[in-house]
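# Remarks on the overall topology
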Amino acid sequence: MVCAPLAVSSAAITWLLMTVIYAPGYISHFWQRRTVSQNERRYEDNLMESFKKQYDQLGAINFGEGSVMFFFCILVSLWFFRSPPGFIGWGSLFATGYVTDGTVAMTVSLILFIWPTDIKLLWREGENIPLVQWRPHMTERFPWQLVFLTMGTNVLAAGSEAGGLADWIAEVIQVLEVIPPWVMMILISIFLSIITEFIGNSLIVMVFLPILAKFAERSLVNPIYYMLPATTCSMLSFMTPVASPLTALVHSTGLVTTRQMVLTGAVPKFICLLLTLLFVNTLGDVVFQVRSFPVWAAANKTVLKL
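Calculation rules
Residues numbered from 1 in each chain as written. Predicted model: local features only at pLDDT ≥ 70, side-chain atom pairs only at ≥ 80, totals over all residues. Heavy atoms only, no water. Helix = DSSP H or I, 4+ residues; strand = E, 2+ residues; numbered from the N terminus. Polar contact = N/O pair within 3.5 Å; in protein donor to acceptor, adjacent residues only side chain to side chain. Contact = heavy atoms within 4.5 Å. Axes fitted to C-alpha atoms, helices over the stretch in contact; angles between N-to-C directions. Parallel < 35°, antiparallel > 145°, perpendicular 65-115°, else oblique. Left-handed = near helix turned anticlockwise from the far one by under 90°. Nonpolar A, V, L, I, M, F, W, Y, C, P; charged D, E, K, R; others polar. pLDDT = per-residue confidence, 0-100.

## Quick notes on the side chain of glutamate 197
- Mapped onto the fold, glutamate 197 is located in the loop between helix H10 (181-195) and helix H11 (201-218).
- Reaching out from glutamate 197, the side chain makes a polar contact with the backbone nitrogen of phenylalanine 238 at a distance of 3.1 Å.
- A polar side-chain atom of glutamate 197 sits 3.0 Å from the main-chain amide nitrogen of methionine 239.
- If we skip the residues at most four places from it in the chain, glutamate 197 touches Leu236, Ser237, Phe238, Met239, Thr240, Val242, Ala243 and Lys269.

## A closer look at the packing of helix H12 (residues 223-233) against helix H14 (residues 258-281)
- Between H12 and H14, whose axes approach to 10 Å, the crossing angle comes to 155°. Classified by the interaxial angle, the pair formed by H12 and H14 is roughly antiparallel. In this structure, H12 meets H14 at a crossing whose hand is right-handed. Contact residues: Tyr225, Leu228, Pro229, Thr232 and Cys233 in H12; Leu273, Thr276, Val280 and Asn281 in H14.
- In terms of residue class, the contact of H12 with H14 is built from six nonpolar, three polar and no charged.

## Considering the confidence of the model for the chain
- Across the chain, pLDDT averages 83, with 91% of residues at or above 70.
- When mean pLDDT is compared element by element in the chain, helix H4 (residues 63-82) scores highest at 93, while helix H2 (residues 24-31) scores lowest at 67.
- Note on residues 300-306: pLDDT under 50 across the span, and 19 contacts to partners over four residues away in sequence or across chains.

## Observations regarding the packing of H4 against helix H5 (residues 101-112)
- Put simply, H4 and H5 touch, their axes get as near as 10 Å, and they point 160° apart. What the angle tells us is that H4 and H5 run roughly antiparallel. Note that H4 runs across H5; the crossing there is right-handed. Residues Phe71, Leu75, Leu78, Trp79 and Arg82 of H4 form the contact with H5, whose participating residues are Asp101, Val104, Ala105, Val108, Ile111 and Leu112.
- A breakdown of the residues in the contact of H4 with H5 according to their chemical character gives nine nonpolar, no polar and two charged.

Printed below as a string of structure tokens:
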């Protein structure tokens, strides 16, 4: 309700502004009728022929590819209908906390280690080649570093929560409660949008969200008012090679320097930051009532208008 319009607006406005800055003639030429030269037409025909040839080489969808699509749809459906809003899901058949999204993911993953790639080969020769094999899929192609990074950030966040680190930091920064909430929200957004250029956004989210939640509860501020822009701004990593895997991939080509990435990335970062602040204070208030202190955030059940 908030993030989807924000994402669409950010992408559209960023594309428009970047086009005006780096390709000012594109918009004017887009509306003008132009004649295509013989060389341009020949180039486009060769390009389309090359695409068509590569597409034809893919062939029809085989049994293995169809199976992967099928199990992916099953996975998403089980995730959605486990505890959907508005009606009872299949998760109610089990004890509370017994089945999670991770349970569904692990179950489908184990099935992929058994399900055959070619049903005809299994039927005729009795040989089963599963969709996923330990070698070479898991040993050579699986991104284990991503798994350890995700697990490490989850453990770090759970440890800070269970050990009381989040409460202690929230108590230390409690002196900042004299700052108006809307100003604090802007400062949090700017700070996280800068630090995300040097630290992985998953680590930022896992570490800072529990602290912001505790700080908001102690300050009688709706935690969503701080956590929603913090989560969004932690994804605004456009300016440095270490900001995200995509920027690292672009920089590794050698075609784009760090200086060019910083200058170019500053434009979408500034746009997305302004749009985040705008949507949180307008649409966010309509959807989540971010300007009211909710009853679920504290024990005193008091509703305080900011």
